[in-house]
Amino acid sequence: MCGELRASDAGKQVVLMGWVNRRRDHGDLIFLDLRDRSGITQVVVDKSRSGEALEKAEAARPEYVIAAIGEVRAREAGLENPNMPTGDIEVVVSELLLLSDAKTPPFSPAEDAIQNEELRLQYRYVDLRRPEMQKNFVVRHKVTQAIRAQLSGEGFLEIETPVLTRSTPEGARDYLVPSRVHAGHFYALPQSPQIFKQILMVSGFDRYFQVARCFRDEDLRADRQPEFTQIDLEVSFPTQDMIFGITERFVKAAFEAAGETINTPFLRMTYDEAINKYGIDKPDMRLPAMANLTDVLTPELRETLKIEAALPVYGFVIPGVGELSGTARKSLLSEIRTFFGDSGLDALDLVRLRTAEQFVPLAEEIGSHLNATTVAFNGNNFTADDLAVVITPKLGTPEMWNFDRQWIPKRVGALRLELAKKFADKHQLFEKKGTPDDYKFLWVTDFPMYEFNEEKKTWDAAHHPFTAPHEDDIKSGALYNDKGAVRALAYDVVLNGLELGSGSIRIHRKDVQSEIFRSLGMSDEEARERFGFFLEALEYGTPPHGGIALGIDRIVMLLAGANSLREVIAFPKTAKAIDLMVDAPSLPTEMQMRELHLKTTVRS
RNA sequence: GGGGACGUAGCUCAGUUGGUCAGAGCGCUGCCCUGUCACGGCAGAGGUCGCGGGUUCGAGCCCCGUCGUCCCCGCCA
């Protein structure tokens, strides 16, 4: 292929087929760069060798598909191109075939990425020709193959589950597909294979996995598409540690397939710890934790800093920010106030903002505490280049932060991320160093079982309603009288602040499952209506089981160094869930509507 | 549902205070060129300034609306 020939191939007769990347026309001598997914080779068409070939080369334009028949020749000294892997050779053409001509594309695959993503998506087939995109899909292929090989090697069976099915328990909006045969009835596309994989456990396939397409009709983000791919697995007779081990091994295999080394086992942290130290359930471990300074501050310090005795105080450090000018500090302060200032509730006040060396003695204790936290969590030293930020609520609003203990750490954690993002580009905070430390994996464990729904005044399942509660929290009775305190056997795997996947140990006893449905305010009838088949399955001999699902798109995105899933999905959708190439969604014909027993309230 | 950025030639973008402001580079087309590799030279074509309305003697520029793309919040594991 075009990218494979080397000096050792000199003298060989070859046929190269590919796209014209560039043409350099010297009159009676024409160079064509021929491109396929393996790379680019220079093809030389010399009139003195073949006048016919030269005529065809003159007619060739970028993106024509051609076949070049000729001999591989080592380039003469001084004519090599050290910038190309094939730069030591060229193919001297004896015959040229124009296999396909091409309109001038709206942008050239020979160029680097163009800015106009609308055009890229509309002409995706041209965009995908770009070596960068081809590289991404090679990575994607290698990653999925490595995962398949690893899991197969550990005794997992790959089993497919339906796409036309009924609502799954994740709680996002469903994509619905009308049934022609059953008037007024709809299939739902699965938000995950959750129920099926659990039933596969009931069926005795004790180790299942699937590269599964999932569908969720929610608004998009750079890291969220309406359809995405998960590596989904489930295991019978598991422990949490078993799931963690399996996951760590296949993630390691996936990263190695992409040429990256990572550290295992992953770090672990409980949900509570994550909220308290990072203010978020998916901490970016490349940044030092924040510190709760509330109990650290002496009365004298509080006096000096004018912080009332009872007020909580949080601090955090953004590393590598460097010296800030007075103006920069002022504008940063006002940015922080803007950040906090919208809701009225979160009227926090910034009391001190200094680089470390400017810490006056009175504030040293803050610095040293932040430093200790930093050392404890990141192995870094706290230096003068680090930016220390200390946050406390405004005076006179104590009831505000008492109703929800997580409220302040979450806000401060959000600011921490915001500032990190702000300084990241300037100070290369997240630049890869080519070491395993580029990838900070983390297990977040012991998620709460329930979360309170403020609007409906009910308790919802934080994960999904098949998640098993902690044994201890069943025994202690918390399950019945203190829902907010119940911990679930649910876990997330987080990489550099991005949620890669989540899973749980499931409920395998029908009585516990019914109790959970009840506690979620779901009546027996409702539970039967939605999941009756599943509850029944549980009654026919269910092994303890649990599993996890990781987003392959996100893994590949990180490995490809991309900022958006669209770079690693061949035919992705826009922020409004439109496929610009095929122009989907589209209006059905009247005939289709009739057959499907549908009427729409919208006029076309 | 809300907030922000962007929209001028195929692409990337410039366009000042409303008055030669319809421009550049790349690409494209034609001609020339036997050692280029982002080839080079000469010539040329190419515009509903996203769309609609308004203000004005006059709008790419100001106002209102609308559409599209991207980012974020809400939402979503």
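Reading guide: rules and limits
- Every chain is numbered independently, its residues counted from 1 as its sequence is written.
- For naming, the first written chain is A and the first written ligand is 1, with later ones following in the order written.
- Owing to the predicted nature of the model, reporting of local features is limited to residues with pLDDT of at least 70; listing and counting of side-chain atom pairs is limited to 80 or more, with chain, interface and lining totals taken over all residues.
- Water and hydrogen atoms were dropped before computing side-chain values, which therefore reflect all heavy atoms in the structure.
- Strands are treated as partners if at least two bridges between them are detected by DSSP.
- What counts as a helix is a DSSP run of H or I of at least four residues, what counts as a strand is a run of E of at least two, and both are numbered from the N terminus.
- Angles shown run from 0 to 180 degrees and are taken between the N-to-C directions of axes, each axis being a line fitted to C-alpha atoms and, for helices, limited to the stretch in contact.
- Throughout, a residue-residue contact means that at least one pair of heavy atoms, one from each residue, lies within 4.5 Å.
- Basic side-chain nitrogens of Lys or Arg form a salt bridge, by our definition, when they fall within 4 Å of a carboxyl oxygen of Asp or Glu.
- Note on patches: the residues involved have over 30% relative accessible area and no salt bridge, like charges join within 9 Å, and the nonpolar side chains Val, Leu, Ile, Met, Phe, Trp and Tyr join within 5 Å.
- Residue-level accessible areas treat just the shown protein chains as cover; the underlying method is Shrake-Rupley with a 1.4 Å probe.
- Think of it this way: one heavy atom of a residue within 4 Å of a molecule or strand is enough to make that residue near it.
- Within 3.5 Å is the distance limit for a polar contact, defined as a pair of N or O atoms, with the added protein rule that one can donate a hydrogen and the other accept it, and that residues adjacent in sequence qualify only through two side-chain atoms.
- Under the scheme applied here, a residue whose accessible area is under 20% of the maximum for its type counts as buried, over 50% as exposed, and between as partly exposed, the area being computed with a 1.4 Å probe on protein chains only.

Below, the discussion takes up the sheet that holds strand β2 (residues 29-36). The five strands are arranged β1-β2-β3-β5-β4 in a closed barrel whose pairing can be described as mixed. Averaged over all adjacent pairs, the angle separating strand axes in this sheet is 55 degrees, with direction ignored. Where strand β4 (residues 65-74) lies against strand β5 (residues 89-100), ten bridges are found, and the strand directions are antiparallel. Opposite alanine 74, over in β5, you have isoleucine 89 as the bridge partner. Here helix α1 (residues 51-59) sits on the sheet and contacts β1 (13-25), β2, β3 (39-46) and β5; the angle it forms with β5, its principal contact strand, is near 70 degrees.

Applying the stated criterion across every chain yields a total of 33 salt bridges. Between aspartate 127 and arginine 130 there is a salt bridge, with its nearest N and O atoms 2.6 Å apart. For glutamate 132, the salt bridge identified is with arginine 130, shortest N-O distance 2.9 Å. One salt-bridge network, held together by shared partners, links Arg120, Arg124, Asp127, Arg130, Glu132 and Glu567.

Right, let's get into a nonpolar patch on the surface. There is a patch of nonpolar side chains on the surface, built from Val15, Met17, Leu97 and Leu99 and spanning about 350 Å² of accessible area. For the nonpolar patch, the secondary structure elements donating two or more residues are β1 and β5. Among the structural elements, valine 15 can be located in strand β1.

Here we come to the protein's contact with RNA strand B. Around RNA strand B sit 49 residues, and of these Asp25, Leu79, Glu90, Glu170 and Ser502 come closest. Counting only the atoms of RNA strand B within 4 Å of the protein, the fraction contributed by sugar and phosphate is 55%. Histidine 26 places a main-chain nitrogen or oxygen 2.9 Å from a phosphate oxygen of RNA strand B. The separation between a phosphate oxygen of RNA strand B and a polar main-chain atom of aspartate 28 is 3.2 Å.

Turning next to the environment of valine 512. Inspection of the secondary structure assignment puts valine 512 in helix α15 (residues 510-519). According to the relative accessible area criterion, valine 512 is buried, its value standing at 16%.

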